[in-house]
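Analysis of the macromolecular model
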Amino acid sequence: MQIDTAELRVIKLQLLHPFETSFGVETERTIPILTLYSQGLEGYAEGVMEALPLYREEFVSGAVSLLKESLLPRILGADLVTPQDVLDRLVMFRGNRMAKAMIEMAFWDLWAKSQNLPLCRLLGGSRERIPVGVSLGIQKSLEATRDLVQKHLDQGYKRIKLKIKPGWDAQVVRFIRHAFPDADLTVDANSCYSLAELPVLQELDEYQLDYIEQPLAYDDILDHARLQSRLKTSICLDESILSPEDTRKALEIGAGRVINIKVGRVGGHLEARRVHDVAQSFGAPVWCGGMLESGIGRAHNIHLATLPNFTKPGDTSSSSRYWKQDIINEPLETSDGWMPVPQGAGIGVTLNRVFIDSLTIYRENFPKP
Ligand code: OSB
Ligand code: MG
């Protein structure tokens, strides 16, 4: 397929509820959206980088510059037969996997549409619905946390993940475990502890958590391996895993036993599938993470999560948990903790262009050279 033109936008979308993690409070998302055009078809992807480099190094304006100056010029007009061709055209640039993933993912959408197949079929997934959990931000009080957990369990969500940070960790987990003895419960520290805080991490080890997500530094695996050897609870790696090679090394040294796959973080669906396969070869389960995506990224995540080693509930919860109104026309809503996989061609969602126009803070079109 030849890429005829591309459109890059950035939108701002207000979150329904502020989302607090160990790296700060988010009240809105700044989301870059890429459309690739080929033979009358359109492929969509969104960037999952934060507005500022708080999660990993990538950030929105850096990604936009890179896409404009270097990535898109190497794609426009190029003859691309498979998604690997997209990666090959960008491989000389180091890192920046979230920016590259935008192109790769939009290409998958185009490619699947050109074959009139849902994306999951091309990826090799077979499920028609996927099990889903929720990621709950840090709340004002223990009671508010308990009420929020109750609400989401009542809605059927299959796993509850609590964000933690120093000072909001063992106490909240003890309180929630006591209130919900049988809940599938996990915590996510977003890299805010070090081995110096071993005692509190060992305290968390007593609450039958399914896993502790990314307790230590965003770029570490060695200390995670040290920590894993001291805990019964599995460590799940998120920030530390950017590639299939990272996955192999982390699992080889025992830095964790579970992998959170975010398709943007690892550079697109091909790399995400490779991470999935490496983890599977180690007998390590994976689950699909989220970055508070709009409907475009959420749909991509749902298709990816149909692969067989996604055996734990993902963070791909209902669009209506995040937005008063989403930017796509189709609802992406769970029922009893299950998210149906969109069955149309490609990612299977269409854009609400009028609404997107009203949210747009930057827009540029890229013609074929
Ligand atoms: O660590 O998984 C994370 C959101 C932004 C940045 C990092 C993370 C998250 C979430 C939200 O946990 C997951 C979701 O999309 O609901
Ligand atoms: Mg995480």
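Residues numbered from 1 in each chain as written. Chains lettered and ligands numbered in written order. Predicted model: local features only at pLDDT ≥ 70, side-chain atom pairs only at ≥ 80, totals over all residues. Heavy atoms only, no water.

Okay, the overall build of the protein chain next. In terms of helices and strands, the protein chain carries 12 helices and 13 strands. Based on the C-alpha atoms only, the size of the protein chain along its principal axes is roughly 60 × 40 × 35 Å. Sequence-distant contacts, at least 24 apart, represent 72% of the contacts inside the protein chain between residues at least 6 apart. The average position of the 41 basic charges and that of the 48 acidic charges among the side chains of the protein chain differ by 1 Å. (Helix = DSSP H or I, 4+ residues; strand = E, 2+ residues; numbered from the N terminus. Contact = heavy atoms within 4.5 Å. Lys, Arg positive; Asp, Glu negative; His and termini not counted. Charge placed at Lys NZ, Arg CZ, Asp CG, Glu CD.)

Glancing now at the pattern of salt bridges. Pairing between side chains becomes possible if they bear opposite charge and their charged atoms approach one another. Taken as a whole, this structure holds 28 salt bridges when the rule is applied. Between Lys 113 and Asp 109 there is a salt bridge, with the nearest N and O atoms lying 2.9 Å from each other. Placement of both Lys 113 and Asp 109 in helix H3 (residues 97-114) is noted, with a separation of four residues, approximately one turn of the helix. We note that Lys 113, like Asp 109, is buried. Asp 210 is the salt-bridge partner of Lys 312, the closest N and O atoms lying 2.7 Å from each other. In this pair, Lys 312 sits in the loop between helix H11 (295-304) and strand E12 (338-340) while Asp 210 sits in the loop between helix H7 (198-204) and strand E8 (211-213), placing the two residues 102 residues apart along the sequence. Judged by its relative accessible area of 27%, Asp 210 falls in the partly exposed class. In the salt-bridge network here, residues are joined through shared partners; they are Arg 159, Lys 161, Lys 163, Asp 188, Glu 213 and Asp 315. (Salt bridge = Lys/Arg side-chain N within 4 Å of Asp/Glu carboxyl O. Buried < 20%, exposed > 50% of the residue type's maximum accessible area, 1.4 Å probe, protein only.)

Attention now moves to helix H6 (residues 170-179). Along H6, the positions that sit buried rather than exposed are Ala 170, Val 172, Val 173, Ile 176 and Arg 177. For H6, the arc enclosing every buried residue in end-on projection is 160°, short of the 170-degree limit, so these residues lie on one face. On its buried side, H6 packs onto helix H5 (142-154), strand E6 (160-163), strand E7 (185-188) and H7. (Arc of directions from axis to C-beta.)

Turning our attention to the sheet that holds strand E1 (residues 5-21). Taken in spatial order, the four strands of this open sheet run E3-E2-E1-E13, and their pairing is antiparallel. Of all the strands in the sheet, just strand E3 (41-46) and strand E13 (360-366) have a single pairing partner and so form its edges. Along the sheet, successive strands turn relative to each other by an average axial angle of 25°, direction set aside. As paired elements, strand E2 (residues 24-38) and E3 share six bridges and run antiparallel to each other. Among the inter-strand pairings, Tyr 37 is bridged to a residue of E3, identified as Glu 42. Here helix H1 (residues 60-75) sits on the sheet and contacts E1, E2 and E13; the angle it forms with E1, its principal contact strand, is near 165°. Running at roughly 145° to E3, H3 makes contact with E1, E2 and E3 of the sheet. (Pairing = 2+ DSSP bridges. Axes fitted to C-alpha atoms, helices over the stretch in contact; angles between N-to-C directions.)

Inspection of the region around ligand 1 gives 17 residues, with Ser 135, Asn 190, Lys 262, Leu 292 and Tyr 322 positioned closest. Within the side chain of Lys 161, an N or O atom sits 3.2 Å from an oxygen atom of ligand 1. Lys 262 is positioned with one of its side-chain polar atoms (N or O) 2.9 Å from an oxygen atom of ligand 1. In the complex, the protein chains occlude 100% of the 390 Å² of accessible area that ligand 1 would expose alone. Here the shell around ligand 1 is built from residues that sort into six nonpolar, three polar and eight charged. Residues lining the shell around ligand 1 come from more than one domain, with at least three contributed by each of domain 1 (5-117 + 350-367) and domain 2 (121-340). (Near = heavy atom within 4 Å. Polar contact = N/O pair within 3.5 Å; in protein donor to acceptor, adjacent residues only side chain to side chain. Areas by Shrake-Rupley, 256 points an atom, 1.4 Å probe, with all protein chains shown as cover. Nonpolar A, V, L, I, M, F, W, Y, C, P; charged D, E, K, R; others polar. Domains from an automatic or database assignment.)

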